Amino acid sequence: RRDVAAPAVNEKEGEAMTTATPPTATMKISALAHERLFVYQLALEFARTAEGVASRIPKLRRDLARRLRGAATALPRRVAAGAADPRAQEKVRIYRAARASATRCAALLDICRQLEIVQDVDVTAGRRTLERLVAMLDRIIRNHLPAEHV
């Protein structure tokens, strides 16, 4: 049995998976592959964090809140889309778009910090999650690139 806290890698797909809940005979197996991915669960976690940050942004800066919410919700949507597409080239394109969304979120958090709109604690926690997400997405992208591009 795997350690429940450590992400596993699906060797065939090269995607980070979670083993947070060991399968049991009574557990329903989902047909939606993205739900098993640790990177997807982490993207959902960041979306919750981003919503908390966005809700504390003053109404005068609602443009920043809207952009943060949009980029943060794009992350899990793109990870799910990448997991669903069987074509390696298309997976790479979609996962690169997810990575761009994560980078956009980091920039928005930096802007909020520089403008002193939110507390450093909120930004630090969000950035930590984003750094993990980007590292996982980089690994997934590398695993789906043809050998000559690695």
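Positions within a chain are numbered from 1, following the residues in the order the chain's sequence is written. Two thresholds apply to this predicted model, a pLDDT of at least 70 for residue-level local features and 80 or more for giving and counting side-chain atom pairs, whereas whole-chain, interface and lining totals are computed over all residues. Values reported for side chains reflect all heavy atoms of the structure, with hydrogen atoms and water molecules removed beforehand.

Caption draft 1: Structural detail: the packing of helix 1 (residues 38-55) against helix 2 (residues 62-84). Orientation is described by axes fitted as lines to C-alpha atoms, over the contacting stretch for helices, and by angles from 0 to 180 degrees between their N-to-C directions. In this text, helices come from DSSP runs of H or I with a minimum length of four residues, and strands from runs of E with a minimum of two, each type numbered from the N-terminal end. One way to put it is that helix 1 packs onto helix 2 with a least axis distance of 9 Å and a crossing angle of 170°. Judged by the inter-axis angle, helix 1 sits roughly antiparallel to helix 2. Here helix 1 contributes Val39, Tyr40, Ala43, Leu44, Phe46, Ala47, Ala50, Glu51, Val53, Ala54 and Ser55 to the contact with helix 2, which in turn contributes Ala65, Leu68, Arg69, Ala72, Leu75, Pro76, Val79 and Ala80. Partitioned by chemical class, the residues of the contact of helix 1 with helix 2 number 16 nonpolar, one polar and two charged. Under this scheme an angle from 65 to 115 degrees is roughly perpendicular, one under 35 degrees roughly parallel, and one over 145 degrees roughly antiparallel; angles in between are oblique. The contact criterion used is simple: two residues touch if any of their non-hydrogen atoms lie within 4.5 Å. For this scheme, ten residues count as nonpolar: Ala, Val, Leu, Ile, Met, Phe, Trp, Tyr, Cys and Pro. Four count as charged, namely Asp, Glu, Lys and Arg, and the remainder, Gly too, count as polar.

Caption draft 2: Just the side chain of histidine 34, in detail. By the element assignment, histidine 34 lies in the loop between strand 2 (15-17) and helix 1. For histidine 34, the residues in contact, after removing those within four places along its chain, are Tyr40, Ala80 and Ala83.

Caption draft 3: Expanded view of unusual backbone geometry. Backbone geometry places glutamate 116, a non-glycine residue, at a positive phi of 55°. Along the polypeptide, glutamate 116 turns up in the loop between helix 3 (88-114) and helix 4 (120-144).

Caption draft 4: Examining the packing of helix 3 against helix 4 more closely. It is at 9 Å that the axes of helix 3 and helix 4 come closest, and there the two elements cross at 165°. Classified by the angle between their axes, helix 3 and helix 4 sit roughly antiparallel to one another. For the pair helix 3 and helix 4, the sense of crossing is left-handed. Per-class residue counts for the contact of helix 3 with helix 4 are 14 nonpolar, three polar and eight charged. Crossing handedness: left-handed means the near helix sits turned counterclockwise from the far one by under a right angle, and right-handed means the same turn made clockwise.

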